Amino acid sequence: MKTGSLLVRDARLSDRDAIVAFNCSLALETEDKQLDRSVVGRGVERALATEDRLRYWVAERDGQLIGQSAISREWSDWRCGWIWWLQSVYVTQEARGLGVFRALHTHIRDTARQTSEVIGLRLYVEQDNHRAQKTYDALGMTPGGYLVFEDLWPDRYGRSD
């Protein structure tokens, strides 16, 4: 998809370093977390090699990557279809407010709508990230009524087994 000079496309292995940098910036900006770049790098490489687990799209302008989003898939037995979870949403600071995420969202939504077993999109957002929430609302997304609970095991981060 091309919007003016903005191009949205599937990510490639050659985008790895930019995606790693974007993910690390995202974690720092939204959660004040410093990620281990080597772990993120391995995770991005695996995702780019196996789109059935995670699929990235990037936005570029004049050959420069300025944004990204990814989807992971959740099977809904209640609805007999796939829900695509938007994740790793990031737009560079200088490109914010210029419609980059709107273009990414539109492209991903259009792709999902053309895939018969996909029944919708979801995402989670930090509760204090009001700017992002306003953006998602403007795109027609609504709160899903769920809270996210987790039980993460940091000692397993980055393992390949």
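Our structure's up above, just so we're on the same page.
Residues numbered from 1 in each chain as written. Predicted model: local features only at pLDDT ≥ 70, side-chain atom pairs only at ≥ 80, totals over all residues. Heavy atoms only, no water.

All right, on to the packing of helix α1 (residues 16-31) against helix α2 (residues 37-49) then. To describe two helices that pack against each other, one gives the angle between their axes and the distance between the axes. Their axes nearest at 9 Å, the elements α1 and α2 cross at an angle of 125°. Our classification of the angle between α1 and α2 gives oblique. Here the hand of the crossing between α1 and α2 comes out right-handed. Here Arg16, Ile19, Val20, Ala21, Asn23 and Cys24 of α1 come into contact with α2, specifically with Arg37, Val40, Gly41, Arg42, Val44, Glu45 and Leu48. Residues that form the contact of α1 with α2 fall into these classes: seven nonpolar, two polar and four charged. (Axes fitted to C-alpha atoms, helices over the stretch in contact; angles between N-to-C directions. Helix = DSSP H or I, 4+ residues; strand = E, 2+ residues; numbered from the N terminus. Parallel < 35°, antiparallel > 145°, perpendicular 65-115°, else oblique. Left-handed = near helix turned anticlockwise from the far one by under 90°. Contact = heavy atoms within 4.5 Å. Nonpolar A, V, L, I, M, F, W, Y, C, P; charged D, E, K, R; others polar.)

What follows concerns the pairing of strand β4 (residues 64-76). Relative to β4, strand β3 (residues 54-61) runs antiparallel, the two sharing eight bridges. Residue Trp57 lies in a different strand from β4, and its bridge partner there is Ser69. Looking at chain direction, β4 and strand β5 (residues 81-91) are connected through nine bridges and run antiparallel. Each bridged residue has a counterpart across the sheet, and for Ser72 the counterpart in β5 is Trp85. Taking the residues that link successive antiparallel strands as the turn, the β4-β5 hairpin has four residues, and the phi of Cys80 there is positive, at about 55°. (Pairing = 2+ DSSP bridges.)

This part takes up the layout of surface pockets. In this model, the second largest pocket occupies a volume close to 260 Å³. Arg109, Arg113, Ile119, Gly120 and Leu121 are the residues nearest the centre of the second largest pocket, which is lined by 14 residues in total. The set of elements that each furnish at least two residues to the lining of the second largest pocket consists of α3 (100-113) and β6 (118-123). Here the element with the most residues in the lining of the second largest pocket is β6; it accounts for five residues. A class-by-class count of the residues in the lining of the second largest pocket yields six nonpolar, five polar and three charged. (1 Å grid on protein atoms, 1.4 Å probe; cavity = no way out; pocket = protein on both sides within 12 Å on 5 of 7 lines; lining within 4 Å. Points joined across faces, edges and corners; volume = space filled by probe spheres on them.)

With that settled, consider the packing of aromatic side chains. Evaluated as defined, the whole model comprises five aromatic pairs. Taking the centre distance of 6.1 Å and the plane angle of 35° together, the rings of Trp57 and Trp84 count as tilted. With Trp57 in strand β3 and Trp84 in strand β5, the pair connects residues that are 27 residues apart, well separated along the chain. Trp57 gets classed as buried once you look at its relative accessible area, which sits at 0%. Ring centres of Trp75 and Trp82 lie 5.1 Å apart, and the angle between their planes is 70°; on these two criteria the pair is classed as edge-to-face. Residue Trp75 is classed as partly exposed on the basis of its relative accessible area of 38%. The partly exposed category is assigned to Trp82, whose relative accessible area is 29%. (Phe/Tyr/Trp six-rings, centres within 6.5 Å; stacked < 30°, edge-to-face > 60°. Buried < 20%, exposed > 50% of the residue type's maximum accessible area, 1.4 Å probe, protein only.)

A few words now on the pairing of β6. Pairing of β5 with β6, which is carried by five bridges, proceeds in the parallel orientation. Residue pairing for β6: Trp82 is matched across the bridge by Val118.

Moving on, we come to the pattern of salt bridges. The final tally for this structure, using the stated rule, is eight salt bridges. A salt bridge links Arg9 to Asp15, with the nearest nitrogen and oxygen atoms 2.8 Å apart. For the pair Arg9 and Asp15, a shared accessibility class is recorded, and that class is buried. A salt bridge links Arg9 to Glu60; the shortest N-O distance between them is 2.9 Å. Placement of Arg9 in strand β2 (residues 6-10) and of Glu60 in strand β3 is noted, with a sequence separation of 51 residues between them. Per residue, the accessibility class of Arg9 equals that of Glu60, and both read buried. A single salt-bridge network, built from bridges that share partners, covers Arg9, Asp15 and Glu60. (Salt bridge = Lys/Arg side-chain N within 4 Å of Asp/Glu carboxyl O.)

These figures come from the coordinates and say nothing about function on their own.
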